[in-house]
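What follows is each chain in one-letter form.
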Amino acid sequence: MQGLVENTSRILKSLFPDGASLHEPCFGGNEWKYVKECIDTVWVSSVGRYVDRFEADLASFTGTKRAVVTVNGTAALFMCLKLAGVKNDDEVLMPALTFVATANAAMQAGAHPHFVDCDERSLGVDPQKLEKYLEEITQKRNGACVNKNSGRRIAALIVMHAFGHPSDMDALAEVSKKYGLVLIEDAAESLGSYLNGRHTGQWGSFAALSFNGNKTVTTGGGGAILTNDEAAARLAKHLTTTAKEPHPWRYFHDQVGYNHRMPNINAALGCAQLEQLPSFLEKKRKLAHSYMEAFSGVSGLKVFSEPENARSNYWLNLLMLGKADPALRDEILDSAHKHCILCRPAWVLMNKLPMFKDCQKMDLSCSENLEGRLVCLPSSAFLSK
Ligand SMILES: *Cc1c(COP(=O)(O)O)cnc(C)c1O
């Protein structure tokens, strides 16, 4: 065990003698030019040509009919839940192994997160286990899928493409269809990740992207809703821009709206970043392969590689211990941090956070196990040699 910590530390030190952060942006393209243009023309705020262009560029890159950009990924997820018709007191299924934003968005929409387990091959929701569970605990009442234990309607399933690796989407789409659940994809980490040649976000009725500073492409802060439903996209635009009727000067708002739009200056950054996405993806893939090679001789752990039929963006590279051992994981993290190599564990499972501890959940043994096995490695695109 001591040997594993030392080996890992030695390999990481040889890769990054000067240390490395977990994920930093790369600004090597037209960022300055486009942002400067916003400032020079004073179009920095809530409308502008970069907002329109970024939405068109995102739709085209992901192969989706419409993209609606937002202030952050959490706001995009929140809007996906609204578009899905999630109401007060509904339950929303989601993985326990996710970033807190997934569960926060559901709570903010008035719903109750309901945590489900993932599988080891994709790190996303396990469709077989989910189907068995739903068969056991749900009942159809007036066409709705009702949780027999809580008496509440289960309205939607959010899947999350963990660390950029696509979940098992065909099977998950089937389960959600069988149980009448709206399928939403939290694709915050998976811009540039494909399954069977299809971009993530294409299975659900709605998907959310994030452009936070640590994501593959950044706008400083930002997010987007992806959908093939034109009417839903128009509604998303309307609701995220204070629900104001289109009019040259009159202030008329037809419902309670949100100020969740992305400013033009952030969209300008996004346009410049998206131009470089193919090169970021190439570099991140190269870095993943360097990790696989560097750790290939070490027994007791492996570098996680993309699931079958998937082409992942390798947003964050992962070391996966042979078995769950939180103490060993923490020793590896401590030792890396001593050399300024800023590795991180996976997120604490959502059901263990104080605000979600009473939420409904299934057996989470695989998520529990993974939590004790994963170490996130430095993954900025510029780290690839
Ligand atoms: C980053 C992220 C989000 C959205 O985060 P924002 O910081 O609000 O943009 C949502 N879900 C997951 C899984 C994420 O990693």
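Residues numbered from 1 in each chain as written. Predicted model: local features only at pLDDT ≥ 70, side-chain atom pairs only at ≥ 80, totals over all residues. Heavy atoms only, no water.

K.L.:
I would appreciate a short explanation of the confidence of the model for the protein chain in the present structure.
P.N.:
The predicted coordinates ought not to be read in detail in places where the model reports low pLDDT. When pLDDT is averaged along the protein chain, the result is 97; 99% of the residues meet or exceed 70. Taking the mean pLDDT of every element in the protein chain, the minimum, 93, falls on helix 1 (residues 2-15) and the maximum, 99, on strand 2 (residues 91-95). (pLDDT = per-residue confidence, 0-100. Helix = DSSP H or I, 4+ residues; strand = E, 2+ residues; numbered from the N terminus.)

K.L.:
Can you walk me through the pattern of salt bridges in this structure?
P.N.:
Taken as a whole and assessed by the stated rule, the structure comprises 18 salt bridges. Of the charged contacts, one joins E131 and K178 as a salt bridge, the two residues approaching to 2.7 Å between their closest N and O atoms. Of this pair, E131 sits in helix 6 (residues 127-137) while K178 sits in helix 7 (residues 169-178), and the two are 47 residues apart along the sequence. Between D358 and K357 there is a salt bridge; the shortest N-O distance is 3.4 Å. Salt bridges sharing partners connect three or more residues here, namely R53, D57 and E275. (Salt bridge = Lys/Arg side-chain N within 4 Å of Asp/Glu carboxyl O.)

K.L.:
What is the right way to read unusual backbone geometry from this model?
P.N.:
Most peptide bonds take the trans form, and the phi angle of most residues other than glycine is negative. At L123, a residue that is not glycine, the phi angle is positive and equals roughly 70°. Considering the arrangement of structural elements, one finds L123 in the loop between strand 3 (112-116) and helix 6.

K.L.:
Looking at this structure, how should I read the domain arrangement of the protein chain?
P.N.:
When cut into domains, the protein chain gives domain 1 (2-26 + 277-383) and domain 2 (31-275). Inter-centroid distance (C-alpha atoms) of domain 1 to domain 2 is 25 Å. Facing the 44 residues of domain 1 at the interface are 52 residues of domain 2. Together, the buried faces of domain 1 and domain 2 total about 4,000 Å²; carbon and sulfur atoms form 65% of this surface. Three residues stand out in domain 1 for area buried against domain 2, namely W347, Q360 and M362, and they jointly supply 20% of the buried area on that side. The tally of links between domain 1 and domain 2 comes to two salt bridges. For the salt bridge of D363 with K129, the shortest nitrogen-to-oxygen distance reads 2.6 Å. (Domains from an automatic or database assignment. Contact = heavy atoms within 4.5 Å. Buried area = accessible area lost by both parts, 1.4 Å probe.)

K.L.:
What is the right way to read the nonpolar core from this model?
P.N.:
One recurring pattern in soluble globular proteins: nonpolar side chains tend to sit buried together. Of all hydrophobic cores here, the largest spans 76 residues; its most connected members are L81, V92, L130, L134 and F163. Of the residues that make up this core, three or more belong to each of domain 1 (2-26 + 277-383) and domain 2 (31-275). In this structure L130 touches L93, V116, V125, L157, L172, V175 and M362, once residues within four positions along its chain are discounted. (Core = buried A, V, L, I, M, F, W, Y, C linked by side-chain atoms within 4.5 Å. Buried < 20%, exposed > 50% of the residue type's maximum accessible area, 1.4 Å probe, protein only.)

K.L.:
Mind showing me how you'd approach the sheet that holds strand 13 (residues 310-311) here?
P.N.:
Taken in spatial order, the three strands make up an open sheet running 9-8-13, and their pairing is antiparallel. Taken across any chain shown, the strands that pair with only one partner, and hence form the sheet edges, are strand 9 (198-199) and strand 13. Strand direction decides the pairing type here: strand 8 (residues 194-195) and strand 13, joined by two bridges, are antiparallel. Following the sheet pairing, Y194 is matched in strand 13 by R311. (Pairing = 2+ DSSP bridges.)

K.L.:
Teacher, can you tell me more about the site of the ligand here?
P.N.:
Taken together, 15 residues form the shell around the ligand, and within it G73, T74, E189, S210 and K215 come nearest. At 2.8 Å from an oxygen atom of the ligand is found a main-chain nitrogen or oxygen belonging to G73. Between an oxygen atom of the ligand and a side-chain N or O atom of K215, the distance comes to 3.2 Å. When the ligand sits alone it has 380 Å² of accessible area, and the protein chains cover 92% of it. Looking at the shell around the ligand, its residues break down into four nonpolar, eight polar and three charged. (Near = heavy atom within 4 Å. Polar contact = N/O pair within 3.5 Å; in protein donor to acceptor, adjacent residues only side chain to side chain. Areas by Shrake-Rupley, 256 points an atom, 1.4 Å probe, with all protein chains shown as cover. Nonpolar A, V, L, I, M, F, W, Y, C, P; charged D, E, K, R; others polar.)

K.L.:
Mind showing me how you'd approach helix 4 (residues 73-83) here?
P.N.:
Every α-helix carries 3.6 residues per turn, so stepping three or four residues along brings you back to the same face. Counting buried residues in helix 4 gives nine out of 11 residues, a clear majority hidden from the surface. For helix 4, the complete set of buried residues consists of G73, A75, A76, L77, F78, M79, C80, L81 and L83. Of the residues flanking the start of helix 4, the one acting as N-cap is N72, its side-chain oxygen 3.2 Å from the backbone nitrogen of T74. G85 lies just past helix 4 and shows a positive phi near 80°.

K.L.:
Help me understand the sheet that holds strand 6 (residues 154-160) in this model?
P.N.:
Through backbone hydrogen bonds, the strands of a sheet pair up, either in parallel or in antiparallel fashion. Read across the open sheet, the eight strands follow the order 1-11-10-7-6-2-3-16; overall the sheet is mixed. In this open sheet, the two strands that pair with only one neighbour each are strand 1 (66-70) and strand 16 (360-361). For strand 2 and strand 6, the ladder comprises three bridges, and the chain directions are parallel. Bridge pairing links V92 to A156 in strand 6. Running over the sheet, helix 3 (residues 49-62) touches strand 1, strand 10 (206-210) and strand 11 (223-227) and is turned about 130° from strand 1. Contacts from helix 8 (residues 230-240) reach strand 1, strand 10 and strand 11, with the element oriented near 15° to strand 1. (Axes fitted to C-alpha atoms, helices over the stretch in contact; angles between N-to-C directions.)

K.L.:
Would you take a moment to explain the environment of T62 for this structure?
P.N.:
Checked against the element boundaries, T62 lands in helix 3. You can call T62 buried: its relative accessible area is 3%. C-alpha of T62 to C-alpha of W203: the two residues are 141 residues apart in sequence and 12 Å apart in space. Once residues lying within four places of it in the same chain are set aside, the contact partners of T62 are L191, H199, Q202 and L226. Within the structure, T62 has its side chain in polar contact with the backbone oxygen of A59 (distance 3.5 Å).

K.L.:
I'm lost on the environment of K323 in this one. Help?
P.N.:
Assignment of secondary structure puts K323 in the loop between strand 14 (317-321) and helix 11 (326-338). In this structure the C-alpha to C-alpha distance between K323 and L22, which are 301 residues apart in sequence, comes to 23 Å. Discounting residues that sit within four places of it in the chain, K323 has contacts with G372 and R373.

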